[in-house]
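# Summary of the model geometry
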Amino acid sequence: AAIQKVAMLEKVIADERTERRKLVMETQEVAAKREDMYDQLRKRDAEIRELRRQRLDREEEADRFKTLLRAQEQRNADQLVVVDKYHAVVANHNMETREMQVLLESERAQMKKQLQQLQDSYNSDRAALEQKIEHWKFSYEDVLSYSNFNPVTEKVRTLEVTVDELHAEVKQLSDDIVAEREK
């Protein structure tokens, strides 16, 4: 009987070790997945930074072209001053000012629209990634709570079986003692 108890206890200990190893492996897998998600987030952030840098480069290029355009228009205006004198220069200047305002307003509207599109894209991507993070966080918490409570319930079941066996053994011994007394 003692050998059986020792064998049962060794089996319980071996089962617990196996479960612990499984839990450690699952925890490592979840940690690896979490690191992958963090890497993806970092890559997204790098992509966003790169897109912003490209947008700034495009804006600088547009500014350079605007500067070149203004310089060319100034040369043209200087030539008109020579040809048409003061009146022609004033009329041309007023016209150019209005055109530039309209051009700047249209470009400003386009840039606002483009900026809003970028912000909407960023917000939607961020919301999706946050949902994924929450999903993995909940999954990790489920695994953690399962790992904390599952071994205890298995121990209780094992101990209940052992107690039932011992009760049966005590009853058998009591019946044997009563039978011996009656003889």
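Everything below is about the structure shown above.
Here we summarise the structure given alongside this text. (Residues numbered from 1 in each chain as written. Predicted model: local features only at pLDDT ≥ 70, side-chain atom pairs only at ≥ 80, totals over all residues. Heavy atoms only, no water.)

### Describing the overall build of the chain
Secondary structure assignment for the chain yields 1 helix and 0 strands. A compact globule built from 183 residues should have a C-alpha radius of gyration of about 16 Å, whereas the chain, at 40 Å, is more than 25% larger. Along the first, second and third principal axes, the C-alpha set of the chain runs to 145 × 20 × 10 Å. When each of the 183 residues of the chain is scored for burial, the buried share is 6%. In the chain, the share of contacts with a sequence separation of at least 24, taken over all contacts with a separation of at least 6, comes to 81%. Carbon and sulfur atoms make up 57% of the accessible area of the chain, which totals about 15600 Å². Charged side chains in the chain number 33 positive and 39 negative. The centres of these two groups are separated by 4 Å. (Helix = DSSP H or I, 4+ residues; strand = E, 2+ residues; numbered from the N terminus. Rg over C-alpha atoms; globule rule 2.2 N^0.38 Å. Buried < 20%, exposed > 50% of the residue type's maximum accessible area, 1.4 Å probe, protein only. Contact = heavy atoms within 4.5 Å. Areas by Shrake-Rupley, 256 points an atom, 1.4 Å probe, with all protein chains shown as cover. Lys, Arg positive; Asp, Glu negative; His and termini not counted. Charge placed at Lys NZ, Arg CZ, Asp CG, Glu CD.)

### A short note on the pattern of salt bridges
Under the definition given, this model contains 11 salt bridges. Residues R42 and D39 are paired through a salt bridge, measuring 2.6 Å at the closest nitrogen-oxygen approach. In this pair, R42 and D39 are both assigned in helix α1 (residues 2–182), 3 residues apart and thus about one turn of the helix distant. Since its relative accessible area comes to 33%, D39 is described here as partly exposed. (Salt bridge = Lys/Arg side-chain N within 4 Å of Asp/Glu carboxyl O.)

### Quick word on the environment of S106
As for its position among the elements, S106 is in helix α1. We classify S106 as partly exposed; its relative accessible area is 33%. Along the sequence, S106 and N148 sit 42 residues apart, while their C-alpha atoms lie 62 Å from each other.

### Let's talk about a negative patch on the surface
Residues E160, D164, E165 and E169 make up a contiguous surface patch of negative charge. Structurally, D164 is set in helix α1. (Patch = residues over 30% accessible without salt bridge, like charges linked within 9 Å, V, L, I, M, F, W, Y side chains within 5 Å.)

### Remarks on the environment of H87
Mapping H87 onto the fold places it in helix α1. Along the sequence, H87 and S174 sit 87 residues apart, while their C-alpha atoms lie 129 Å from each other.

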